[in-house]
Structures are given as C-alpha cells and as structure tokens.
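Close look at the chain arrangement
Spelled out, the chains give:
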Amino acid sequence: MHHTLEVHDLHFTYPDGCQALRGVDLSVAPGEKVALVGPNGAGKSTLLLHLNGILRGEGEVRVAGMPVGDGQLGHVRAAVGLVFQDADDQLFSPTVFEDVAFGPLYAGLTPDEVQRRVAEALRAVGMPEAGGRVSHHLSGGEKKRVAIATVLAMQPEILVLDEPTGGLDPRARRGLIRLLGDLPQTMLVSTHDLRMVAELFPRTVVLDQGRVVADSPTAKLLADAAFLAEHGLEA
Amino acid sequence: MHIHLADRYHAGASWIHTLDPRAKILMVVSFILGVSLAPEGAWLPFAGFFILLLWICVASGLGPTYSVRRSFVAAPFVLAALTLPFTVPGPTLFTLPVFGWTASVPGTIRFASIVLRTWLAVQAAILLAATTPFPDLLWALSRLRFPGPLVAVIGFMYRYLFVAADEALRMMRARTARSAQPQAGTGAPRRRPSLVWQGKVTGNMVGSLFLRSMERSERVYDAMLARGYDGQVRSLTHFHFRLLDAAALAVTLAAVGGMLAWAVAR
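Rules and cut-offs
Within each chain, residues carry numbers counting from 1 in the order of the written sequence. The lettering of chains begins at A and the numbering of ligands begins at 1, in the order of writing. This being a predicted model, a pLDDT of at least 70 is required before a residue's local features are given, and a value of 80 or more before pairs of side-chain atoms are given or counted; all residues contribute to the totals for chains, interfaces and linings. By the criteria applied, helices consist of DSSP H or I runs no shorter than four residues and strands consist of E runs no shorter than two, each listed in order from the N terminus. Between the buried cut of 20 or more and the exposed cut of 12 or fewer other C-beta atoms within 10 Å of a residue's own C-beta lies the partly exposed class, and all C-beta atoms are placed from the backbone. The contact criterion used here is simple: two residues whose C-beta atoms, placed from the backbone, lie within 7 Å are in contact. Asp, Glu, Lys and Arg are counted as charged, while Ala, Val, Leu, Ile, Met, Phe, Trp, Tyr, Cys and Pro are counted as nonpolar; the rest, among them Gly, fall into the polar class. Should DSSP find at least two bridges between two strands, the strands are taken to pair. Axis lines are fitted to C-alpha atoms, over the contacting stretch for helices. Their N-to-C directions set the angle, which ranges from 0 to 180 degrees. The pLDDT value expresses, per residue, how confident the predictor is, ranging between 0 and 100. In a helix, the anticipated span is given by 1.5 Å times the number of residues less one. For this quantity, the arc is that covered by the directions from the helix axis to the C-beta atoms.

**Focus on the overall build of chain A**
- A tally of helices and strands in chain A yields ten helices and ten strands.
- Overall, chain A is about 50 × 45 × 40 Å in size when its C-alpha atoms are taken along their principal axes.
- In chain A, which comprises 235 residues, the share counted as buried stands at 49%.
- Counting only contacts in chain A whose residues sit at least 6 apart along the sequence, the fraction spanning at least 24 positions is 66%.

**Notes on the interface of chain B and chain A**
- Tallying the contact residues gives 24 residues for chain B and 29 residues for chain A.
- Residue assignment for the side of chain B that touches chain A shows that the elements contributing at least two residues are helix H8 (134-143), helix H9 (148-178) and helix H10 (195-226) of chain B.
- Sort the elements by how many residues they give to the side of chain B that touches chain A and H10(B) lands first, with eight residues.
- Within the side of chain B that touches chain A, the residues separate by chemical class into 14 nonpolar, three polar and seven charged.

**So, the sheet that holds strand E10 (residues 211-217) of chain A**
Residues and elements named next belong to chain A.
- On the basis of which strands lie adjacent, the open sheet formed by six strands has the order E6-E7-E8-E3-E9-E10 and mixed pairing. Edge positions in the sheet fall to strand E6 (80-83) and E10, since each of these pairs with one other strand and no more. With direction set aside, neighbouring strand axes in the sheet form an average angle of 15°.
- Pairing of strand E7 (residues 158-162) with strand E8 (residues 186-190) involves five bridges; the strand directions are parallel. Paired with Ile 158 across the bridge in E8 is Thr 186.
- Across the sheet, helix H6 (residues 140-152) lies against E6 and E7, angled at about 160° from E6, the strand it touches most.

**Topic: the environment of A:Val7**
Residues and elements named next belong to chain A.
- Here Val 7 shows up in strand E1 (residues 5-13).
- Residue Val 7 is classed as buried on the basis of its C-beta count, with 23 C-beta atoms lying within 10 Å.
- Residues Val 7 and Arg 77, spaced 70 residues apart in sequence, show a C-alpha to C-alpha distance of 16 Å.

**Observations regarding the confidence of the model for chain B**
Residues and elements named next belong to chain B.
- For chain B, per-residue confidence averages 86 on the pLDDT scale, and 92% of positions sit at 70 or higher.
- By mean pLDDT, helix H5 (residues 75-78) is the weakest element of chain B at 84, and helix H2 (residues 21-37) is the strongest at 95.
- With a pTM of 0.78, the predicted complex shows an ipTM of 0.79.

**Description of helix H5 (residues 111-124) of chain A**
All names here are of chain A.
- With 14 residues, H5 should reach 20 Å at 1.5 Å per residue; the first-to-last C-alpha distance of 20 Å fits that figure.
- Restricting attention to buried positions, one finds in H5 the residues Val 114, Arg 117, Val 118, Ala 121 and Leu 122. One side of H5 holds all its buried residues, which, seen down the axis, span an arc of 125°. Away from the buried face of H5 by more than 90 degrees, exposed residues Asp 112 and Glu 113 are located.
- Residues of H5 that are buried in the fold lie against helix H4 (96-106) and H6.

Printed below as a string of structure tokens:
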C-alpha cells in the first residue's frame, strides 16, 4: 500500500537565491493527521506548494503513489486539496457557489454532479446557505470555511492547510478546530497554533531553516521545552 | 472594515429581473445603438427612447426616477462636447459675454443631441446593472461569445476591486496614524509638509498597492492552478432562453428600430 504523501530529499531555492528547502524528508500515511510547525521563514509554505506541483524543486515528491511531474499534475491536484493562507487568494470568483464549483468544473464533472458536490461541500463546512453570497462580504471565519469547502468539493485524498487559524477570533478559531476534527480526510496542517496542534494532531513535524528537525508524537514534542525554545516555538 | 463600493444591483422580483441576462444585454446594446444612430435634433424620437426607459424603470419596480437620479455620473463626459457650439460654423445663436465667443445654431443642436444620447445610453446601462446581478452579467457575456480573457479580467476586477480598496484604506489609515504634529511648546517647528512631499508619499502608496496587487495575482493564479485551472473559462448554465426572453428582446428591437426609422425619416 502506498503512502498518501512521500517527500524525499527535497531541495528548493527561490530565484532570488534564498534557499528555502534543504533536503526535506516526510511521509504521511493514509488517515494520519499531521501538524507542520516551525518559525516564520522555515519553509513551511514552500513545502506545501510543492505538494501539488505549483513549485518544483529537486528531489522526489509522490502523492497517492503518483510522482508529482508533468504527466500527472491533473491527478495530483485532484488528490491534494490545498487551502491557502489568505482566503482572499483562494476565493477568486464572484460568488461562493462559483468558487466551490471551480474545482469540480475543471475536473470535467457533469453539471448535476457539480451542483451535488457544491451542496455537499458547503454542508460539510456548516454553510449550506452561502452559495449565493459574495465572497467579499463574508467574515474571516466564513471565508476560511468556504476556502475549505472549495477543496472539499474536489474530494481530495489529503487536505493541506496553510495556517488555518491565523487571524481568527477565539470563537471562529474554535469553530474551525471543531470542523477540522470532524473532517475524515488525511491532513497536513502548517500552523503556529500549538494549542490546536495538541488538541487535533497526534503527530508533529518541525521544520526549521529548510530541514525537518523533528518528527515525533505531539505530546512528546510539546513536553520538550528546551527543544521548542531552540526552534523559536512556545507550547 | 470594508469599503462598500456599493453593488449596483437592486434585488427585485419583477419580470425584468427574471429575464435571461443574455436577452437583457442584447436589449441594452440595441437601445444604445439606436440612440447613437438617431440623427441630430430628432427630439421627438429621443423623447420616445426616454419613455421606453421610464416604462422599464416602472416595470422593474425601481420607481420612475431611478435611472434619472443615477445618470449624473456621466455628466463629466459631457465636457468633451462643450466646445461644439463655439466651433461648428453656422448662424449665430448667442454670444458669450466677456469672452465674446459666438455659439452657432447647428453647433448647439449637435451639442444638445450628444448630451441627450449620452444621458439615455447611460440610463440604459444603469438599468441593466440594477436589475441583473453582476455574476449573471459575466456569465451572459461569456455565453454571447465575448472574448473569454476579457470576461475573466472583468470578473477578477469585480472580485478584487474591493480587496484592493480595503488595502488602500488600511494604508491611508496607517499614514494618518503616523501623521502626528509635534506638540506645541516642545520647540519643534510646526509647518505643513510640502505639496511635493505629500505627492511623493501618495505616489509611494500607489506603487506599493500595485506591487501588493501583483503579488496577490500570482497567489490567486497558484490557487487556481491548485484546483485544476487549465486556461479555459468554464461555467455552469444558469439560464435557459425562454419565450418571455425572446418576446422581450423582439419587442425592444422592434421599438428601437421603429423609433430609429422615425428619427431618420423625419
């Protein structure tokens, strides 16, 4: 059986010469929920953008058994649901419905199936009535939920979220944590919110300066205050 | 904290609201063509076009003065035609005091006709925007074979205009928050910053807004790629062309064509 996610010896340097990833190794098994933590500039977002081939570095990335490469990008992007940090980047259509329908539409599904997927995804994030609303007028928490719905509609094998609780008030954050806990998908979530990590993710990967510096059960990691301090984290 | 660049759409349940947006766009385009092609000085046909607009205002439940009240946004464009009375040769109508310029009769007629045409055309567009949700307009444009990239650009503009305006608002607030004056009595000189300096600050803000928008556009494109975007614009069918749509379009075409023929034949 294949892993949902396999990254081996991944290197990436931005065009301006900034070395963002220096040999990352990571694998995620089906059904696992993994947190990706690390200080700003550690390479978290860069790593996430490699998982569906938006950035292409040196090394090996496999998703659901498929190599992330030229022939497979369509399938890979269907398998990885990537939720961007800024929901305004993710929600680019005039209405919520059109945004959630975007992925299914480009997957070539029939109109009926697209409608069904949209309704299902909006229900899953607890916003079944939001289809006709204009994205600009949603609150921050609602935007996050709709952004998650846009990838749920593609029925991905793994959900990849970049700082989902950033900028949310306590109530919206609580609602989002509950939502993430309820979703059955495999998950890789980049975050600074270590209290959420403790609550939701049994396994934590720490990235610092483009390398994986720890990959262990969350409880054990959070107990090691010296290690956390060394990598700019606070439990 | 949002700037509410007011949405022009006014929700309603009239039959005009329910018309297929494709039919509405064609109706408005034919109306604007008819108004533009009507010859100068065709006052009665112009009145006829206006009555058609009034009737649509009433039928759509917006009230008879709706489009007139909002039509003044186009007033500045009239300035472009303001020179006509004084430059077209012909019998003198009046002489402008102080300047001593003479306005000719044909020049004034041409000016008045241009103002009327603009005013009527703008009202038609206002009514279209007021009775059709913006996303439906985009959908209709793409179904009418309007070039896909253009429709996409208009769609993104509609979506991100608000975001960019919010960003500009935040930047202006940040500037205001730091535009403190030294307290009286501390010896610091009190003077207004020079106009050049203020201009430079504003220029820098525009520049950084542009850069931020560029960067955002790249992230948006990434987000589109991540969900399978392949360069084609796709959308679901929302409307089916019904008999009512065809009838409304036919009646409009007949009315516009009739009035145009009347205007030309006079």
